[in-house]
Amino acid sequence: MAAYTGTPTVVLIWEESDRGGKHIRVCKRLSLTLSTQGGATNTISAASLGFTTAGLVSAQCLLFTDGGSQKRYVDLFTDGTYLYVGDPTQATDADRGEPADVTGTLVCEVKGLV
């Protein structure tokens, strides 16, 4: 497969600011359809989610479904440039902490700079 080039569906978007009204970051609740993406090679870039190149600050999984009737959790983490998916159903403990390519629909909340 290849890096994520789809257009995420924006479910909700809002801005966070400090007490003085100074803009700090943008928060987005997004729905992404992934096809063996999210790992270290088949990446999800900050730019593909509408953020600056190194603008991701945090990410949180709200829902992941792989097409079956069961919904499950995946870990999300970022280095600022890419959004990575960690799959807790990997076979070994060592692999569970590594980025993994997944296929399914991911609903997540990401915060960053635009």
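Remember, predicted model here, so these are calculated numbers, not experimental data. (Residues numbered from 1 in each chain as written. Predicted model: local features only at pLDDT ≥ 70, side-chain atom pairs only at ≥ 80, totals over all residues. Heavy atoms only, no water.)

Colleague: Just to check I follow, could you spell out the overall build of the protein chain for this structure?
Modeller: Within the protein chain, the regular secondary structure consists of one helix and eight strands. Over its C-alpha atoms, taken along the principal directions, the protein chain stretches across nearly 50 × 25 × 25 Å. When the 114 residues of the protein chain are sorted by exposure, 36% land in the buried category. A fraction of 61% describes how many contacts in the protein chain between residues 6 or more apart in sequence connect residues 24 or more apart. Only carbon and sulfur atoms are counted for the fraction: they give 51% of the accessible area of the protein chain, which is about 6,200 Å². Averaging the coordinates of the 9 positive side-chain charges in the protein chain and doing the same for the 12 negative ones gives two points 9 Å apart. (Helix = DSSP H or I, 4+ residues; strand = E, 2+ residues; numbered from the N terminus. Buried < 20%, exposed > 50% of the residue type's maximum accessible area, 1.4 Å probe, protein only. Contact = heavy atoms within 4.5 Å. Areas by Shrake-Rupley, 256 points an atom, 1.4 Å probe, with all protein chains shown as cover. Lys, Arg positive; Asp, Glu negative; His and termini not counted. Charge placed at Lys NZ, Arg CZ, Asp CG, Glu CD.)

Colleague: In this structure, what is going on with the sheet that holds strand β3 (residues 44–45)? I would like to understand it.
Modeller: Pairing between sheet strands relies on hydrogen bonds along the backbone, with the strands arranged either parallel or antiparallel. Pairing in this open sheet of three strands is antiparallel, and the strands run β3-β7-β6 from one edge to the other. The open sheet has two edge strands with one neighbour each: β3 and β6 (75–78). One ladder, built from two bridges, connects β3 with strand β7 (residues 82–86); its direction is antiparallel. Each residue of the ladder has a partner; that of Ser45, found in β7, is Tyr82. (Pairing = 2+ DSSP bridges.)

Colleague: Can you walk me through the nonpolar core in this structure?
Modeller: Within soluble globular proteins, side chains that are nonpolar generally end up buried alongside one another. Core analysis: the largest hydrophobic core is formed by 19 residues, its most contacted members being Leu32, Ile44, Leu83, Leu106 and Cys108. Put simply, the parts of the chain that give this core at least two residues each are β2 (23–37), β4 (56–65), β7 and β8 (102–112). The residues touching Ile44, leaving out its near neighbours within four places in the chain, are Tyr4, Leu32, Leu34, Gly38, Leu49, Thr81, Tyr82, Leu83 and Val85. (Core = buried A, V, L, I, M, F, W, Y, C linked by side-chain atoms within 4.5 Å.)

Colleague: Please clarify how the state of the cysteines should be interpreted in this entry.
Modeller: By definition, a disulfide links two cysteine residues through a covalent bond between their sulfur atoms. Throughout the structure, instances matching the rule amount to zero disulfides. No disulfide involves Cys108; its sulfur sits 7.6 Å from that of Cys61, the nearest cysteine. Under the relative-accessibility criterion, Cys108 is labelled buried at 0%. (Disulfide = S-S within 2.5 Å.)

Colleague: What should I look at first to understand the side chain of Asn42 in this one?
Modeller: With respect to the secondary-structure elements, Asn42 resides in the loop between β2 and β3. Here the side chain of Asn42 touches Thr36 through a polar contact of 3.3 Å, landing on its backbone oxygen. (Polar contact = N/O pair within 3.5 Å; in protein donor to acceptor, adjacent residues only side chain to side chain.)

Colleague: Any chance you could explain the packing of aromatic side chains here in plain terms?
Modeller: The description of an aromatic ring pair uses the distance of the two centres, along with the angle that the planes make with each other. Counting across every chain of the model gives two aromatic pairs. Summarising the aromatic geometry, the rings of Tyr82 and Tyr84 are spaced 6.1 Å apart at their centres and angled 50° between planes, so their arrangement reads as tilted. Classification of Tyr82 by relative accessible area gives partly exposed; the value is 28%. The structure contains a cluster of three or more aromatic residues connected by ring pairs, namely Phe77, Tyr82 and Tyr84. The ring of Phe51 is capped by Lys28, whose NZ or CZ atom sits 4.6 Å from the centre of that ring. (Phe/Tyr/Trp six-rings, centres within 6.5 Å; stacked < 30°, edge-to-face > 60°. Lys NZ or Arg CZ within 6 Å of the ring centre and 35° of its normal.)

Colleague: Any chance you could explain unusual backbone geometry here in plain terms?
Modeller: Both trends apply: most residues other than glycine have a negative phi, and most peptide bonds are in trans. Phi angles above zero are rare outside glycine, and Thr36 is one such case at about 50°. Checked against the element boundaries, Thr36 lands in strand β2. With a relative accessible area of 33%, Thr36 lands in the partly exposed category.

None of this, on its own, says anything about what the molecule does.
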